[in-house]
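What follows is the residue order along each chain.
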Amino acid sequence: MIIKILRAVSWKTKLVFALALMTCGLAANAHTGFQGITGPTFNLTVKDGYISTPEGGSIYTWGYAVQGQPMQYPGPTLIVNQGDVVTINLTNEMPFPVSMVFPGQENVSVSGGSPGVMTNQISQGAGAVTYVFTAANPGTYQYHSGTNPALQVEMGMVGALVVRSATPHQAYNHPDSAYSREYMFLFTEMDPVIHELVETGRASLVDFSKYRAAYWFINGRCSPDTMAMPNDSWLPHQPYNAMPRMHPGEKMLLRIISAGRDLHPWHTHGNHMLVIAKDGRLLESAPGAGADLAELNFAVTLPPGGTADAIFQWTGEKLGWDVYGHSPGDPLQPNEYAPDHGKPFPVVLPDPKDTTSGAFYSGSPFLGAYGFIPPGSSLMNLSAGYFYMWHSHKEREMVNNNIFPGGLMTMLIIEPPSVVIE
Amino acid sequence: METKFRKSKSSVLFILVLSVLFVWLDSCNLRPGACPEVAEYYFRADATTQTMPDGKVVPMWGFAQDSEFGKMDGTVSVPGPQIAIQSCTQKVIVHLDNNLPEPTSIVINGLTAQMTPVRYPDGRVRSFTHETPPGNPVSVNYGWQVARPGTYLYQSGTHPAVQVQMGLYGALIQEAGQKLAYPGQEYDKEGLLIFSEIDPVIHDAVAADNFGAGKAVTSAIDYAPQYMLVNGKPFMSTDPVNNAGNVGQHLLVRFLNAGLLTHAPTLYGAHMTVIAEDAHPYNYPKQLSSALLPAGKTLDVLITPAFPGQYAILDRMLHLYGPGKTVMQRYLVNP
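Source: prediction; values computed, not measured.

Each value, and the rule that gives it
- Every chain's residues receive numbers from 1 upward, in the order its sequence appears when written.
- Here the convention is simple: chains get letters from A, ligands get numbers from 1, in the order in which they are written.
- Where local features are concerned, this predicted model is filtered to residues with pLDDT of at least 70; where side-chain atom pairs are given and counted, the filter is 80 or more; whole-chain, interface and lining totals use all residues.
- pLDDT expresses, on a scale from 0 to 100, how confident the predictor is about each individual residue.
- Whether two residues are in contact depends on their C-beta atoms, placed from the backbone: they are in contact if these lie within 7 Å.
- At least two bridges found by DSSP between two strands is the condition for calling them paired.
- Strands here are runs of E lasting at least two residues and helices are runs of H or I lasting at least four, both read from the DSSP assignment and numbered beginning at the N terminus.
- Classification convention: Asp, Glu, Lys, Arg as charged; Ala, Val, Leu, Ile, Met, Phe, Trp, Tyr, Cys, Pro as nonpolar; all other residues, Gly among them, as polar.

**Some details on the confidence of the model for chain A**
Piece 1. Here chain A shows a mean pLDDT of 92. Residues at 70 or above account for 93%.
Piece 2. Note on residues 1-30 of chain A: pLDDT is under 50 here. Beyond four places in sequence and across chains, it has 31 contacts.

Following this line, the structure appears as structure tokens:
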């Protein structure tokens, strides 16, 4: 019943609720804006369940889970340290064989189960198959099923693997990969027709040549659920959110994972990101050279199976005006873009009687400031931050079964320096 | 100074004589090991069929390599015969014979040639270069200058939306030297993977003259392939595993996409070093586990496994589902 009520409330209400909770500072794990489980030993299983989509949809899904826990979409994010000997014991509660493969990892040894095309797989109730590898190289990776991958990946059997470097807050043991906050953006898509056929025992009718996705996900959620809290009770199979928040001047690490079967150009709307690594390797001209081949992009398109790491910074540089509305004599804010200090806002604001407000407008153009908002407008910007929509640049992927807005989209919030994040 | 001049003159003459001799010798097939400046091939575009793992017999168009024009002693294959020219070769000539019911031609993406497009009466381009009519009594010739070694895709340049997906494509490769993909890029073992697809609806319609304006299938706009091919064949899990040599050796894999879809070859077990794209070597090779291979693209990668075992290359676009529908190649690396 509660779930039904929560589904019925508008996504705007959900977002306000989520932001209010986040601003209160609920989460642990300072600086890490994504969720996962730490190793080096993981006991996983495969089971099914239903994921929810924001327009009220419910999709039959297969997924990896922590043994004894609900099915997860995507599977648990596995967080290990460089050099760890990672052990994954996989059992199976589904009536077909399953497995795990780890693109980017070397020398994965396998025991138990029975041989499959790519690796050993495990049947329902047949004990466990065990995968062991040394996480030799830090970086952002993924795992997925190596058994009937076209169907099993579509049905949800994907997840992220993060190998932490030996140097805290450097993704790749080099200052070029230094960050103060990190978030994950794992992209997938679903064709609900396929899931319905599988759910109703008609998998033999699945025709991938007619594939037509209708849902697009970040970390297993469609927007606006991407911006809700992690581990929300109304999304029991989709525990991970994608709600990047930062202060001006900070370095945010984006761990970007292309885990589906299609291309999703990831667009940091209004801003560039510096892509420093791909597939868990720093973009360097020679070992130790740093990210000297990094690419400054406003959209990064990865092949399925690929990952990228990008550094994102925001100071208000090149806006040409002072984002705090300072007078020239005022003191600087932390990490303020000094050359624009005290420069006036270049627009004469129209009379509020002549305008309507966007949901993320605080009533003032200045960071951390509020102003008059016409009655009836919804204030979804509790901290007077700046919101940037980050999304797939295939614009049609910003829908939930053809309903806009939704899909592969979330918001970046530039928070005023005074706001505590997490 | 004078002596030097004379020397160089005589050496030019010597090279000329030699190369004429080599071309002559080569054309007589007397010296297959000689290094010709010009490499000539007799190709025939012709119809054939291919049987898919589910038993479906698909009409195809492909190229065959004949010993001379009109002899028709070659076997039609999809992809067409691999053109492997030697590092000294500077020009490629294909003498084309056309046994198809419509005009065709051959183009090589990335090699320079004098192109003479053929147009429909209303001005639209039908062929990127001059055509070979069906049943041509004498060969129609196509020539290219080869400026750099690398991996190239050849294909039909006529009505390509139909003819390329019917199977008129293949690979041309030139090494920089013995076991040398590009300057400084040595390898020990070599593999070449041409990705393509088959939509049997279109193939059947073309074979039955049911394709085109006003006919049952009007165009390729509803292209929905049912078969994914590597080197002309769907992958079967019973296919043998390729021998990739030993740990520490360099496996060169040339990826070509002759299909209409994007493919994403992903390596499991190691990273690949992408050394060249469209026959142009990178200044800084890229370390990737998943590569984007759009239609028409060629990529060269080196794989240097550090551990023995089985390595898989999977098309991570995961286009189709079912037996014989996964796109994969497997390599065994010995200790």
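Here the narrative resumes.
**Observations regarding the sheet that holds strand β16 (residues 266-268) of chain A**
The pairing of strands in a sheet comes from backbone hydrogen bonds and takes either a parallel or an antiparallel form.
Residues and elements named next belong to chain A.
Piece 1. With mixed pairing, the five strands of this open sheet are ordered in space as β14-β23-β22-β16-β20. Only two strands of the sheet have a single partner each, and these edge strands are β14 (245-246) and β20 (299-300).
Piece 2. With two bridges connecting them, β16 and β20 associate as antiparallel partners. Counted as the bridge partner of Trp266 is Val300 from β20.

**Describing the interface of chain A and chain B**
Where interface size is given, it is often the accessible area lost as the parts come together that is meant.
Piece 1. Tallying the contact residues gives 26 residues for chain A and 29 residues for chain B.
Piece 2. For the side of chain A that touches chain B, the element with the highest residue contribution is helix α3 (residues 149-154) of chain A, accounting for four residues.
Piece 3. Looking at the side of chain A that touches chain B residue by residue, the class counts come to 13 nonpolar, seven polar and six charged.

**Points about the pairing of strand β18 (residues 272-277) of chain B**
All names here are of chain B.
Piece 1. Here five bridges tie β18 to strand β19 (residues 280-288), and the two strands are oriented antiparallel to one another. Across the sheet, the residue bridging to Met272 is Leu288, located in β19.
Piece 2. The loop that links β18 with its antiparallel partner β19 comprises two residues; one of these, Asp278, has a positive phi angle of about 50 degrees.
Piece 3. Relative to strand β20 (residues 298-303), β18 is paired through four bridges, and the arrangement is antiparallel. Pairing of Thr273 across the sheet is with Leu302, part of β20.

**Brief notes about unusual backbone geometry**
Residues and elements named next belong to chain A.
Piece 1. Of the consecutive residues Gly39 and Pro40, the connecting peptide bond is found in the cis state with omega at 10 degrees.
Piece 2. Of note, Pro40 is situated in the loop between β1 (37-38) and β2 (41-52).
Piece 3. Residue Pro224 is bonded to the preceding Ser223 through a cis peptide linkage, with omega at 5 degrees.
Piece 4. Inspection of the secondary structure puts Pro224 in the loop between β13 (215-218) and β14.
Piece 5. Unusually for a residue other than glycine, Ala384 sits at a positive phi of about 55 degrees.

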